[in-house]
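The residues making up each chain are set out below.
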Amino acid sequence: CYAVAWCPTNGETFASASGDCTLKLWDIRQAASTLTIRAHDFEVLSCDWNKYEDFTLVTGSVDKTMRVWDIRQPGVPIRVMPGHSYAVRKVICSPHAGNLVASCSYDMTVCFWDIKAPGEPLLQRWAHHTEFAVGLDLSVLQEGMWASTGWDELVYVWNQNQDPRA
């Protein structure tokens, strides 16, 4: 298992992202997972719950894509979003808007996506790391405030409307 994420609306449910290409849902009262989705064709490195839509999760994978899932209809993703040139290491759903997702990748970039956009979902791309970008978070208290880290041993903190290197 590479990542876990608690459901923001149910304290007994969490999701896991795994090397066996699956996204699994768990109930802490059960011994085994309650749902297994073959989410990607390669390892799933990250997952996060949408904070505004109870049944929506986003995954990131070694296959260079992010996928949006409705767990009520797990057979096919709602959306597949290519855009990184290497593995997607971390995905995070915005705490401020249900349509916004952030990602970081081994391609050394951090991206901002609109998962509901009718056309191209990529809103912005930053290329401030000089090694794999592996960590990312969005402030819950300050909308637009980002932090990322990478194998370059640097942590960047910035407002999404500015250059992280400023």
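Heads up: the structure comes first, above all this text.
Residues numbered from 1 in each chain as written. Predicted model: local features only at pLDDT ≥ 70, side-chain atom pairs only at ≥ 80, totals over all residues. Heavy atoms only, no water.

Draft legend 1. The overall build of the chain, seen in detail. Looking only at helices and strands, the chain features 0 helices and 15 strands. Taking all 166 residues of the chain together, the buried fraction comes to 49%. Approximately 8,200 Å² of the chain is accessible, and the part contributed by carbon and sulfur atoms is 52%. (Helix = DSSP H or I, 4+ residues; strand = E, 2+ residues; numbered from the N terminus. Buried < 20%, exposed > 50% of the residue type's maximum accessible area, 1.4 Å probe, protein only. Areas by Shrake-Rupley, 256 points an atom, 1.4 Å probe, with all protein chains shown as cover.)

Draft legend 2. Broad picture of the pattern of salt bridges. Scanning the entire structure with this criterion turns up 8 salt bridges. The salt bridge involving D63 is made with R67; its shortest N-O contact spans 3.6 Å. The same class applies to D63 as to R67, namely buried. Between D163 and R165 there is a salt bridge, with the nearest N and O atoms lying 3.4 Å from each other. Overall, the relative accessible area of 38% leaves D163 in the partly exposed class. Where salt bridges share partners, they join E12, D27 and R29 into one cluster. (Salt bridge = Lys/Arg side-chain N within 4 Å of Asp/Glu carboxyl O.)

Draft legend 3. Seen up close, the state of the cysteines. Summed over the entire model, instances satisfying the criterion amount to 0 disulfides. Not engaged in a disulfide, the cysteine C104 finds its nearest cysteine sulfur in C111; these two sulfurs lie 9.4 Å apart. Residue C104 is classed as buried on the basis of its relative accessible area of 0%. (Disulfide = S-S within 2.5 Å.)

Draft legend 4. Molecular detail of the nonpolar core. Ranked by internal contacts, the top residues of the largest apolar core, which has 15 residues, are A15, L23, W49 and L57. When residues of this core are traced back to their parent elements, those giving at least two are β1 (3-6), β2 (13-17), β3 (22-27) and β5 (44-49). Looking at which element gives the most residues to this core, the answer is β5, with 3 residues. Counting residues in hydrophobic clusters, the runner-up holds 14 residues, among them L100, W126, A133 and W146. (Core = buried A, V, L, I, M, F, W, Y, C linked by side-chain atoms within 4.5 Å.)

Draft legend 5. Molecular detail of the side chain of H129. As for its position among the elements, H129 is in the loop between β12 (122-126) and β13 (133-138). By relative accessible area, which is 4% here, H129 ends up buried. Within polar-contact distance, the side chain of H129 engages the side chain of H128 at 3.5 Å. A polar contact of 2.8 Å, which involves the side chain of H129, links it to the side chain of S148. (Polar contact = N/O pair within 3.5 Å; in protein donor to acceptor, adjacent residues only side chain to side chain.)

Draft legend 6. Broad picture of the packing of aromatic side chains. According to the stated counting rule, one finds 8 aromatic pairs in the structure shown. A centroid spacing of 6.1 Å and a plane angle of 10 degrees characterise the contact between F14 and W26, whose relative ring orientation is stacked. Here F14 is found in strand β2, whereas its partner W26 is found in strand β3, with 12 residues between them in sequence. The structure contains a cluster of three or more aromatic residues connected by ring pairs, namely F112, W126, W146 and W158. (Phe/Tyr/Trp six-rings, centres within 6.5 Å; stacked < 30°, edge-to-face > 60°.)

Draft legend 7. Region of interest: the environment of A5. In this fold, A5 is placed in strand β1. Counting along the chain gives 115 residues from A5 to E120, while the straight-line C-alpha distance between them is 27 Å. Sequence-distant contacts of A5, that is, excluding residues within four places in its chain, are made with F14, A15, C47, D48 and W49. (Contact = heavy atoms within 4.5 Å.)

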